[in-house]
Amino acid sequence: MNAALPVVARRVRVSGIVQGVGFRPLVWRLAQELDLAGWVRNDALGVDIAVEGASAGIARFLQRLRDDAPPLARIDSVNAEEAAPEGLAGFNIAASAAGQSATYIGADVAVCADCLAELFDPAGRRWRHSFITCTHCGPRYTVTRALPYDRPQTSLGPFPLCADCAGEYSSPANRRFHAETTCCPHCGPRLALADGEGKAIAGDPIAASLQLLRSGAIVAVKGLGGFHLACDARNAETLARLRRRKNREEKPFALMAANAASLLPYAKISPQERSLLEGRERPVVLLRAQFGSAAALPGVAPGLHWLGAMLPSTPIHFLLFHEAASRPAGSAWLAAPQDLVLVMTSANPGGEPVVRETAEARERLAGIADAILDHDRDIVSRCDDSVIRALGGTTQFIRRSRGYASASIRLPQAGPTVLAFGAQLKSSVCLTRGDEAFMSPHIGDLDNAATCAFHEETVARMLDLLEARPQIVAHDLHPDYFSTQAALGFAAEHGLPAVAVAHHHAHIAAVCAEHGRRGPVLGLALDGAGYGTDGQAWGGELLQVDGARCARLGHLRPLPLPGGDRAAREPWRMAAAVLHELDRNAEIVARLPQAGAGVLATMLARGINCPRTSSMGRVFDAAAGLLGLSARMKYEAQAAILLEQAATRHIERHGWPRAMEQGWSIGAEGQLDLLALLASLEGAADADQAAARFHATLAAALGEWVAQAAQSSGLATLAWGGGCFLNALLCAGLRQNLERRGIEVLAPARLSPGDTGIALGQAWVAMDTLER
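Residues numbered from 1 in each chain as written. Predicted model: local features only at pLDDT ≥ 70, side-chain atom pairs only at ≥ 80, totals over all residues. Heavy atoms only, no water.

## Overview of the overall build of the protein
So, step 1. In terms of regular secondary structure, the protein is built from 23 helices and 30 strands.
So, step 2. Once the C-alpha set of the protein is aligned to its principal axes, its extents read approximately 95 × 65 × 55 Å.
So, step 3. Looking at the protein residue by residue over its 772 residues, the buried ones come to 59%.
So, step 4. Restricting the contact set of the protein to residue pairs at least 6 apart, pairs at least 24 apart contribute 72%.
So, step 5. Accessible surface, the protein as shown: approximately 28700 Å² in total, 51% of it carbon and sulfur.
So, step 6. If the 74 positive side-chain charges of the protein are averaged to one point and the 78 negative ones to another, these points end up 3 Å apart. (Helix = DSSP H or I, 4+ residues; strand = E, 2+ residues; numbered from the N terminus. Buried < 20%, exposed > 50% of the residue type's maximum accessible area, 1.4 Å probe, protein only. Contact = heavy atoms within 4.5 Å. Areas by Shrake-Rupley, 256 points an atom, 1.4 Å probe, with all protein chains shown as cover. Lys, Arg positive; Asp, Glu negative; His and termini not counted. Charge placed at Lys NZ, Arg CZ, Asp CG, Glu CD.)

## Quick notes on helix H19 (residues 638-654)
So, step 1. For H19, with 17 residues, the first-to-last C-alpha span of 24 Å sits near the 24 Å given by 1.5 Å per residue.
So, step 2. In this fold, the buried residues of H19 make contact with strand E11 (284-289), strand E12 (306-310), helix H15 (571-581), helix H18 (616-626), helix H21 (687-713) and helix H22 (728-740).
So, step 3. Phi for Gly655, located one or two positions after H19, is positive at around 85 degrees. (Expected span 1.5 Å × (residues − 1).)

## Let's talk about the side chain of Asp768
So, step 1. Position of Asp768 relative to the elements: it lies in helix H23 (residues 758-771).
So, step 2. Looking at Asp768, the relative accessible area reads 10%, which means it is buried.
So, step 3. The contact partners of Asp768, leaving out residues within four places of it in the chain, are Arg518, Asp546, Gly547 and Ala548.

## Remarks on the side chain of Glu168
So, step 1. Looking at the element boundaries, Glu168 is found in helix H4 (residues 163-169).
So, step 2. With sequence-adjacent residues up to four places away left out, Glu168 is seen in contact with Arg125, Arg126, Asn174, Arg176 and Phe177.

## Describing the packing of H21 against H22
So, step 1. Two elements in contact, H21 and H22, have axes separated by 9 Å at closest approach and are oriented at 40 degrees. Classed by the angle they form, the pair H21 and H22 counts as oblique. Viewed along their axes, H21 and H22 form a crossing whose handedness is right-handed. Within the contact between the two elements, H21 uses His695, Leu698, Ala699, Ala700, Leu702, Gly703, Glu704 and Val706 and H22 uses Leu729, Leu730, Gly733, Leu734, Asn737 and Leu738.
So, step 2. When its residues are assigned to classes, the contact of H21 with H22 shows 9 nonpolar, 4 polar and 1 charged. (Axes fitted to C-alpha atoms, helices over the stretch in contact; angles between N-to-C directions. Parallel < 35°, antiparallel > 145°, perpendicular 65-115°, else oblique. Left-handed = near helix turned anticlockwise from the far one by under 90°. Nonpolar A, V, L, I, M, F, W, Y, C, P; charged D, E, K, R; others polar.)

## Points about the packing of aromatic side chains
So, step 1. Applying the stated criterion to the full structure yields 5 aromatic pairs.
So, step 2. A centroid spacing of 5.3 Å and a plane angle of 75 degrees characterise the contact between Phe120 and Trp333, whose relative ring orientation is edge-to-face. Here Trp333 lies in the loop between helix H10 (315-324) and strand E13 (341-346) and Phe120 lies in the loop between helix H3 (113-119) and H4, a separation of 213 residues in the sequence. Here the two residues Phe120 and Trp333 agree in accessibility, since each one is buried.
So, step 3. Taking the ring centre of Phe454 as reference, the NZ or CZ of Arg382 above it sits at 5.7 Å.
So, step 4. Over the face of the ring belonging to Tyr141 we find Arg461, whose NZ or CZ atom lies 4.5 Å from the ring centre. (Phe/Tyr/Trp six-rings, centres within 6.5 Å; stacked < 30°, edge-to-face > 60°. Lys NZ or Arg CZ within 6 Å of the ring centre and 35° of its normal.)

## Describing the sheet that holds strand E17 (residues 408-415)
So, step 1. Pairing is mixed in the open sheet, where 5 strands are placed in the order E17-E19-E18-E20-E21. Each of the sheet's edge strands pairs with one partner strand only, and the pair in question is E17 and strand E21 (498-501). With direction set aside, neighbouring strand axes in the sheet form an average angle of 25 degrees.
So, step 2. When strand E18 (residues 418-420) meets strand E19 (residues 430-439), the two strands line up antiparallel, connected through 2 bridges. Note on E19: the bridge partner recorded for Ala420 is Cys430.
So, step 3. With respect to the sheet, helix H13 (residues 482-494) is in contact with E18, strand E20 (472-476) and E21, its orientation differing from that of E20 by roughly 165 degrees.
So, step 4. Across the sheet, H23 lies against E17, E18, E19, E20 and E21, angled at about 145 degrees from E19, the strand it touches most. (Pairing = 2+ DSSP bridges.)

## Re the packing of helix H5 (residues 205-214) against H10
So, step 1. Look at H5 against H10: their axes get within 9 Å of each other, and the N-to-C directions meet at 70 degrees. When the interaxial angle is binned, H5 and H10 end up roughly perpendicular. Judged by the twist between their axes, the crossing of H5 over H10 is right-handed. Across from Ile206, Ala207, Ser209, Leu210 and Arg214 in H5, the residues of H10 making contact are Ile316, Leu319, Leu320, Glu323 and Ala324.

## Description of helix H8 (residues 271-278)
So, step 1. Within the span of H8, buried status applies to Glu273, Leu276 and Leu277. Viewed end-on, H8 has its buried residues packed into an arc of 100 degrees, placing them on one side of the element.
So, step 2. The secondary structure elements touched by the buried residues of H8 are helix H7 (260-263), strand E10 (267-268), E11, E12, strand E15 (387-391) and strand E16 (394-399). (Arc of directions from axis to C-beta.)

## A short note on the pairing of E12
So, step 1. Summarising burial for E12: 4 of the 5 residues are buried, a large majority.
So, step 2. Relative to E12, strand E9 (residues 254-257) runs parallel, the two being bridged by 3 bridges. Across the sheet, the residue bridging to Met256 is Met310, located in E12.
So, step 3. The sheet contact formed by E11 and E12 spans 4 bridges and is antiparallel. Note that in E12 the partner of Leu287 across the bridge is Leu307.

## As for the sheet that holds strand E1 (residues 8-17)
So, step 1. Read from one edge of the open sheet, 5 strands run E4-E1-E3-E2-E5, paired in mixed fashion. Strand pairing shows two members of the sheet lacking a second neighbour, strand E4 (74-83) and strand E5 (91-93), which therefore form its edges. Neighbour-to-neighbour, the strand axes of the sheet open up by a mean angle of 15 degrees, direction not taken into account.
So, step 2. Strand direction decides the pairing type here: E1 and strand E3 (residues 46-53), joined by 7 bridges, are antiparallel. Residue pairing in the sheet places Arg11 in a bridge with Ala50 of E3.

## Let's talk about the environment of Ala766
So, step 1. Here Ala766 lies in helix H23.
So, step 2. By relative accessible area, which is 0% here, Ala766 ends up buried.
So, step 3. Once the C-alpha coordinates of Ala766 and Arg362 are considered, the two residues, 404 residues apart in sequence, prove to be 42 Å apart.
So, step 4. Sequence-distant contacts of Ala766, that is, excluding residues within four places in its chain, are made with Val418, Ile472 and Ala474.

In structure tokens:
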């Protein structure tokens with residue numbers, strides 16, 4: 001430190017995601033470079049720094065804490081207070097201070113460029129090391145058993161560091177300083193390859209796995225948050241076998257390629273989509289398929305114009321592609337197109353949670369996987385792949401999980417600690433702490449014992465990791481949901497109040513929470529189904545929401561569900577329902593060729609097992625059924641996807657058609673009637689044109705509906721949510737309509753518009769309930 005300059009001192013507090021990400025080494029390096037003295041340590045609130053030196057040096061130091069933050073850090077605040085100089089000499093990294101943690105563990109991210117350079121350096125000691133990592137990359141959330149984030153608290157605890165790794169770990173100048181998951185071939189986990197019966201397969205596990213994949217085998221590959229089922233994406237016979245074994249008739253599979261260039265023969269990639277693909281989170285990104293990709297990738301995404309694709313995230317993934325490229329030295333090969341393209345789909349048979357343990361893989365994947373590429377580093381927490389897409393210059397989550405799950409959502413102010421148990425389908429859990437809301441990874445549909453157990457496991461894990469004790473519990477209004485029963489049981493066990501939140505109220509509240517919007521807003525909740533306050537199935541709701549308060553301003557004209565829930569899986573039944581509502585019941589048999597049409601007509605005429613619903617999801621199904629695009633769905637939302645796809649084909653060729661002037665009506669009770677629009681679809685000669693007109697008219701109808709509510713309520717902000725907003729055409733058309741009318745639109749940004757975000761909305765309502 002320069003003795004000729006006056007010495008000043010500052011005590012600095014840095015909060016955010018600043019532990020386990022290389023932040024203390026950054027502080028140490030900055031202090032060395034700027035000739036500053038002092039110390040840095042982790043504590044319960046984040047990072048605590050004492051620094052002394054020249055005033056100009058400290059000013060630069062404070063600025064560069066933000067500017068030079070490590071890639072995995074998230075700086076929420078840097079607060080510096082004046083302090084009395086103590087004559088400190090040198091700068092050191094001090095031992096962590098004890099206390100209840102106010103930090104959280106970071107997300108799992110892909111291998112960084114520095115580690116890739118080592119991975120492919122034949123002269124380096126980590127050449128082809130399947131578990132290479134540093135403070136800037138690798139697993140975090142899925143390997144952490146408890147906080148503080150120290151090696152013994154991770155699944156690397158059973159692997160003591162060798163002398164070389166220990167030297168790196170203890171050197172502040174090394175990027176592996178306190179990298180809790182670091183290791184090398186001498187001290188780290190081991191790969192193992194076994195056949196479907198558990199018998200070891202000799203040889204190099206990576207090379208042998210690639211040979212199996214090229215020969216048409218299905219290989220279970222252990223990833224960050226669970227196993228994938230991998231196979232050659234261009235082998236039609238293997239893909240057909242995978243579909244049979246997994247009982248997955250038509251639902252699309254995700255692809256994995258070495259890089260974006262390798263995907264270009266199969267998919268169009270915009271600069272924004274490329275950025276998403278190459279981001280450290282490595283989600284599955286929805287891409288528009290190239291012409292001819294269906295023939296090149298037979299059975300990957302049957303009948304769809306979109307492909308879900310991702311790039312490698314773990315060293316094992318990279319090594320499979322490296323092996324296919326004949327083990328080139330260096331990482332330059334990663335910029336060139338590679339021939340190998342794999343299907344990489346979650347190993348979750350029967351819709352249950354993704355497989356994570358060796359014994360579980362051998363049991364649950366028996367008869368599905370021909371071989372299992374495994375290792376002995378435990379996956380502590382399941383975490384399925386995230387799915388995302390570019391949407392009008394922004395991004396939209398379809399599923400928020402690996403790479404994003406542990407990141408908190410900042411709330412406008414601190415509030416009570418809430419534990420929200422989420423929805424029944426596409427469930428997730430939310431736990432608030434202070435002014436942050438933490439969302440769990442994707443859990444799934446709570447319709448089987450394994451997923452229910454995963455839900456319970458997730459609740460316990462979040463409470464432990466966050467060291468939080470809830471003050472109130474929130475849950476869905478439906479009394480029979482597993483999530484509701486679990487919430488009520490937890491509340492009773494811990495003597496806590498419980499708040500029931502209606503499904504569609506929670507959809508809108510989640511968007512308000514994301515945007516930090518307090519005060520009344522209009523809400524448009526459009527989805528497949530949710531339990532309404534009258535005990536009926538809702539799904540097309542115009543609401544006014546103000547925190548814990550929610551008023552129903554209007555809803556779609558209810559349609560009958562002939563056969564109950566079965567109508568949600570068979571769009572031809574919804575087509576029959578529309579004909580019935582048009583007083584054309586007698587035409588159902590002639591118009592619809594499906595077996596049982598006559599029985600269905602009788603059920604509708606007599607009102608037998610035909611409950612009514614205001615669901616927008618069923619309107620999409622009815623439209624697809626009337627246009628002959630889908631009679632029976634093989635996976636959820638298939639009919640709506642095919643309807644949007646047909647409309648997109650027409651719009652790309654001819655532009656948006658004009659909306660039908662008489663396609664809807666709005667009643668005195670705020671009921672939006674779309675029957676005239678649906679009637680226009682029956683017998684349409686051009687299904688694509690009719691589908692496009694349907695979307696244009698729907699956007700216009702919803703726009704007028706909202707505008708009338710805005711005028712009568714005096715509100716000019718609309719929040720929208722619900723699974724129907726995964727329809728890109730609906731989002732684009734409705735946003736344009738509303739903004740032209742001067743109505744501000746709040747849309748989900750960090751969560752899916754579907755049921756994954758319900759837990760955040762429940763928490764937001766519960767917080768407001770306690771505060772009122």
